[in-house]
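Chain by chain, the residues:
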Amino acid sequence: MKCATKATAFKDAFRSRDGFRNFIQTHDTALDRHGHPDSGSGSRWSNEDLDPTPPEKRTWKWWNFVTFYMGLSFGNWTLGSTMVGIGLNWWQSILAIFTSQLISSVAMFFNSRCASVYHIGYPIVARSVFGIYGSFYFVGARAALAIIWYGVQLYSGASFMSNILRCIFGHKFTDIPNHIPASVGITTSGMLAFFLFWLVHFPFCAFRPYQLRGFFWFKSIIVLPAVWGLFIFCMVNTKGNLGSVYSSQIKGSKGWFIMYAINSGMGNTATLITNQPDIARWSKTKSGAQWSQLITNPLAVTLSASLGILATASINNSWNLETPLWNPWDLLGAILDRYWSASTRLAVFLSAFTWMVSILGTNIAANMIPFGSDSSMLFPRYITIPRGQFIVEFLAFAICPWKILSSASVFTTFLSGYGLFMASVVAIMVCDYYVLTKGNIFIGHLYNPSRTNRHYYYTRGWNIQGVVAYLCGIALPFPGFIGTLGTNVSTAATDLGRLGWLLSFSISFVVYYALCKVWPTNNQKIIMDIGLQWEEQYGDKVLAEDGTEIVEEGGDVHESNYSTTERIVAIESKPFEDKH
């Protein structure tokens, strides 16, 4: 029935202007109809993806999060290259990686709670913290970053597609004449691999996260033997010849280098920390998204990175390579060069396929889903999560990531250090939820952009305290961050920059807490006046701005079936609502 309705709407879109407009516009929701005074004027502040996730779509149980993070985290083969590049030896690198991932997991633990309880994504969490209009900056910035990283991951995954095509077609693929100028940064064969990997993403754009549990389970199952298989080959082929396993090259204060290494390791998961609400909102329970990743992520990342360090060391020492083969696709290519045979091609094909699926899953989780979620808030009248995912699929191709990676080294350094900007955002969201509002979110007021919104209009739609804390958080490490882009800065600035994510998070958390204690927001005042306790606003019934009770049940969020009299009784039964 639903498919027939969609088919009819699609046909009508080409018959009249009204039919086309009705087709491209999203359906309004109960929260939009009753959430703000301009609901009858065509103003749109919600759609089905901005509303709380209804019970029928809360399909992720704790083991789904375990397989999700296992598959996502176990592909961090190259993380050790960052640590070795800084100057750490093998055991220092492993220790720094574990510490960084443990801190990251603790941050993810706290940042996923709000979404797990109220079943809202990052854009709506941002509304509750930064204001109805202030949230546009914090959502838009993340969306822009997601486009670039989506393209970068596409380019990385295309390298595995090249391995696959080489295994299948041999020299017929590698000998494809190149008709693309060298200045472009990619060859004809490379463009073919990129296009094919881009096509692999295409069908996944149509699905929301709750529909992808099976895919992430599949990814976690196949990535484990792929990583272990490549490690075992390296150990057997080289007879475990690890050599010196990267002796320490640290000069000067060891403490600063260790902190630099930990911060670099956190840069690997900075985006994932911020993105937690977009995944946790589909959780069936309040804590399923928290404890599962807290245990899984640090162990999986550390183990896979350790295997990468040891395997690369053994191959480098035994094959006498000038440049270590950190990237798995380069290692697979070198294996084909040395041991070209039918059995080798089959083994490399299977390995490259699983690694490609790993990058596909990472790109979906870290970039595709967040952009879909962000764009649905930026343009709620026209864009849902699936539509946004199709949009980023084309935008990522349009930015020509091969050009960025081949010629803009400063820009790629900027991308790697962008985590310090996201750290301040996470700090403010965590502080607001856990400390200042006691876990209380007034869902019905998150869709009202007018001054009548006593909770989230703040100061002309902006949470000034949050903005000040955000700017303070990025101010201290920012000069050091600029130094990584090639500008000469002082030693002190460099050292502060090396603290990056940790420093930015800590400062923003403390400043926001202190500011709100002295100068609380109106929402915080209301919560204090009412005397709300921990997460008292939790529930599947939401009181909209106009007093209508909205019910989350089944696969929908809709008005309650109460009569007008019953609705008034429902409102009066909540005395704390009468105060605002």
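Residues numbered from 1 in each chain as written. Predicted model: local features only at pLDDT ≥ 70, side-chain atom pairs only at ≥ 80, totals over all residues. Heavy atoms only, no water.

Chemist: Teacher, can you tell me more about unusual backbone geometry here?
Modeler: In terms of backbone geometry, most residues other than glycine have negative phi values and most peptide bonds are trans. The backbone of Lys239 shows a phi angle near 55°, a positive value even though the residue is not glycine. The exposure class assigned to Lys239 is exposed, which follows from its relative accessible area of 79%. In this model, Glu535 sits at a positive phi of 55°, which is unusual for a non-glycine residue. Judged by relative accessible area, Glu535 falls into the buried class, the value being 7%. (Buried < 20%, exposed > 50% of the residue type's maximum accessible area, 1.4 Å probe, protein only.)

Chemist: I would appreciate a short explanation of the packing of aromatic side chains in the present structure.
Modeler: Counted under the stated rule, the structure contains 43 aromatic pairs. Note on Tyr137 and Phe138: the rings are 4.9 Å apart at their centroids and 80° apart in plane angle, and the pair reads as edge-to-face. Residue Tyr137 is classed as partly exposed on the basis of its relative accessible area, which comes to 40%. Residues Trp198 and Phe397 carry aromatic rings whose centres are separated by 5.4 Å and whose planes lie at 85° to one another, so their mutual orientation is edge-to-face. Of the two residues, Trp198 sits in helix H11 (residues 188–201) while Phe397 sits in helix H19 (residues 385–398), which places them 199 residues apart along the sequence. Residue Trp198 is classed as buried on the basis of its relative accessible area, which comes to 7%. The structure contains a cluster of three or more aromatic residues connected by ring pairs, namely Phe194, Phe195, Trp198, Phe202, Phe390, Phe394, Phe397 and Trp402. (Phe/Tyr/Trp six-rings, centres within 6.5 Å; stacked < 30°, edge-to-face > 60°. Helix = DSSP H or I, 4+ residues; strand = E, 2+ residues; numbered from the N terminus.)

Chemist: What should I look at first to understand the environment of Tyr458 in this one?
Modeler: The topology assignment puts Tyr458 in the loop between helix H22 (419–436) and helix H23 (464–475). Residue classification places Tyr458 among the buried positions, given a relative accessible area of 16%. Distance from Tyr458 to Ser128, taken between C-alpha atoms, is 9.8 Å for residues 330 residues apart in sequence. Those residues in contact with Tyr458, other than ones at most four positions away along the chain, are Arg127, Ser128, Val129, Phe130, Gly131, Asn463, Thr521 and Asn523. Separated by 2.6 Å, the side chain of Tyr458 and the backbone oxygen of Ser128 make a polar contact. (Contact = heavy atoms within 4.5 Å. Polar contact = N/O pair within 3.5 Å; in protein donor to acceptor, adjacent residues only side chain to side chain.)

Remember that the coordinates give geometry; whether it matters functionally is a separate question.
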